[in-house]
Amino acid sequence: MFGGNTARFLPTVGGQLSWGPGAVSRDVTLIHGAANCIDLTTADLRIASAGYGLRIKEGINARMRVAILAAGTATVANTSITANSRIMLTLPPLGRSR
């Protein structure tokens, strides 16, 4: 598709998808970076409508899970955590328990 001097959308044989406004060069690129992985390499991911957000699957062996702290300990069973994983801990607002 052309909208100016540059094709607005360009899929490549290698699985890369690039697009832009057409009047200037393409500025957003999606790449099949690795097995089961899509890389957004040249742009930010923006959720631009109120009421929408990023949904991440929760539960056993999922990437997000809630655990209740009891006697200073919480156990979260997860086989997908590796040495390179980041674990985020959060607290409920003061005066409110979960």
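Coordinates for the structure precede this section.
Report on the accompanying structure. Since the model is a prediction, treat every value here as computed from it, not as a measurement.

1. Section: the sheet that holds strand 4 (residues 37-40)
An order of 1-2-3-4 is seen for the 4 strands of this open sheet, with the pairing classed as antiparallel. Two strands close off the open sheet at either side, each with one partner strand: strand 1 (9-11) and strand 4. Going across the sheet, the axis of each strand differs from the next one's by a mean of 20°, ignoring polarity. As judged from the 4 bridges shared by strand 3 (residues 28-34) and strand 4, these two strands associate in the antiparallel manner. Along strand 4, the bridge assignment pairs Leu-30 with Leu-40.

2. Topic: the packing of aromatic side chains
Across all of its chains, the model carries 1 aromatic pair by this definition. When the centroid spacing of 5.9 Å and the interplanar angle of 45° are considered together, the rings of Phe-9 and Trp-19 count as tilted. Linking Phe-9 in strand 1 with Trp-19 in strand 2 (residues 17-19), this pair joins segments that are 10 residues apart in sequence. A relative accessible area of 34% means that Phe-9 is categorised as partly exposed.

3. Comments concerning the environment of Thr-12
Topologically, Thr-12 is positioned in the loop between strand 1 and strand 2. Since its relative accessible area comes to 35%, Thr-12 is described here as partly exposed. Separated by 19 residues in sequence, Thr-12 and Ile-31 place their C-alpha atoms 9.8 Å apart.

Quick notes on the rules
Residues numbered from 1 in each chain as written. Predicted model: local features only at pLDDT ≥ 70, side-chain atom pairs only at ≥ 80, totals over all residues. Heavy atoms only, no water. Pairing = 2+ DSSP bridges. Helix = DSSP H or I, 4+ residues; strand = E, 2+ residues; numbered from the N terminus. Axes fitted to C-alpha atoms, helices over the stretch in contact; angles between N-to-C directions. Phe/Tyr/Trp six-rings, centres within 6.5 Å; stacked < 30°, edge-to-face > 60°. Buried < 20%, exposed > 50% of the residue type's maximum accessible area, 1.4 Å probe, protein only.

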